[in-house]
Amino acid sequence: MRLWLKDNRGFIAFLICFGFFRLAIAGWNRIPSGSMRPTLLEGDVVLVNRLAYDFKFPLTDTPLIELGTPKRGDVVVFTSPKDGVRLIKRLVAVPGDTLEMRNEVLLINGVAAGYSDPTASFEPVEKGMPIPAIRATEHAVGYDHLVQFLPDIPARRNFGPLVVPEESYFFLGDNRDNSADSRFIGLVPRKLLLGRAHHIVASADIKGDWLPRFDRFGDRIQ
């Protein structure tokens, strides 16, 4: 065993360094569901900056150094406070914000988001016909991005107002009517934030023919 370790010490050191890099500095996350449509699609693999907010002791939620401030509009990978599942959603409200939703319209600190360029689309569903969808650009406080609405299905389209407490964050999926986000899992403590997703590194059509979607490789996440 000692001889094997000696002969392979370079490879072992590489594995240790790679593991540390993957767990503490940067990683990737596969998108399994449509909760972030149209920004992210099922089968996208996104690059995650684990040092965007905190440097944590690997494999723990223990922050060692605070490195950055989460901002509205960030697409964040975090651990669900409800069941421990890893999720990716859009950060829409930070500590101190007063947040409300009225008939799908988001209000932050009393300012209603604007919606422009609505277009008709369809949402693929499992073992059924696609359902109608509407996509639009949401102009929230400090950022713009695409969202999708599914007017023909039941959804939580009203809540609040609520004030986001210190060290907590409120997340929504861009696919507003098909997302298990903070409307259902609650506010997310900062210690559960894993990092900010910033680029799509690879993509495959896992809902169809499994072929690569080369046009999405390298896309910056808006």
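Residues numbered from 1 in each chain as written. Predicted model: local features only at pLDDT ≥ 70, side-chain atom pairs only at ≥ 80, totals over all residues. Heavy atoms only, no water.

A. Geometry of the sheet that holds strand S7 (residues 98-102). With antiparallel pairing, the four strands of this open sheet are ordered in space as S9-S8-S7-S13. The open sheet has two free edges, formed respectively by strand S9 (111-112) and strand S13 (159-163), since each of these has just one partner strand. Taken together, the three bridges between S7 and S13 define a ladder with antiparallel strand orientation. Note on S13: the bridge partner recorded for Met101 is Phe159. (Pairing = 2+ DSSP bridges. Helix = DSSP H or I, 4+ residues; strand = E, 2+ residues; numbered from the N terminus.)

B. Seen up close, the packing of aromatic side chains. Going through the model one piece at a time under the given rule, you end up with four aromatic pairs. Judged by centre distance (4.4 Å) and plane angle (25°), the rings of Phe78 and Phe171 are stacked. With Phe78 in strand S5 (residues 75-79) and Phe171 in strand S14 (residues 168-172), the pair connects residues that are 93 residues apart, well separated along the chain. You can call Phe171 buried: its relative accessible area is 0%. Aromatic pair Tyr115 and Phe149: ring centres 5.9 Å apart, planes at 65°, arrangement edge-to-face. In this pair, Tyr115 is assigned in strand S10 (residues 114-123) and Phe149 in strand S12 (residues 143-149), connecting sequence segments 34 residues apart. The partly exposed category is assigned to Tyr115, whose relative accessible area is 29%. (Phe/Tyr/Trp six-rings, centres within 6.5 Å; stacked < 30°, edge-to-face > 60°. Buried < 20%, exposed > 50% of the residue type's maximum accessible area, 1.4 Å probe, protein only.)

C. Here's a closer look at the sheet that holds strand S11 (residues 131-140). The sheet built from three strands is open, its strands ordered S10-S11-S12 with antiparallel pairing. If you trace the sheet from one side to the other, it starts and ends with S10 and S12, each paired once. Averaged over all pairs of adjacent strands, the angle between their axes in this sheet comes to 20°, without regard to strand direction. By the bridge criterion, eight bridges tie S10 to S11 in an arrangement that is antiparallel. Counted as the bridge partner of Gly114 is His139 from S11. (Axes fitted to C-alpha atoms, helices over the stretch in contact; angles between N-to-C directions.)

D. Representation of the pairing of S14. Of all five residues in S14, five are buried, a share of seventy percent or more. On S14, burial covers both faces: Ser168, Phe170 and Leu172 on one face and Tyr169 and Phe171 on the other are all buried. As paired elements, strand S6 (residues 86-93) and S14 share three bridges and run antiparallel to each other. When the sheet's bridge partners are listed, Leu91 is paired in S14 with Phe171. The pairing of S14 with strand S15 (residues 188-189) spans two bridges and is antiparallel. In the strand pairing of S15, Ser168 is matched with Pro189.

Treat this as a map of the structure, not an account of what it does.
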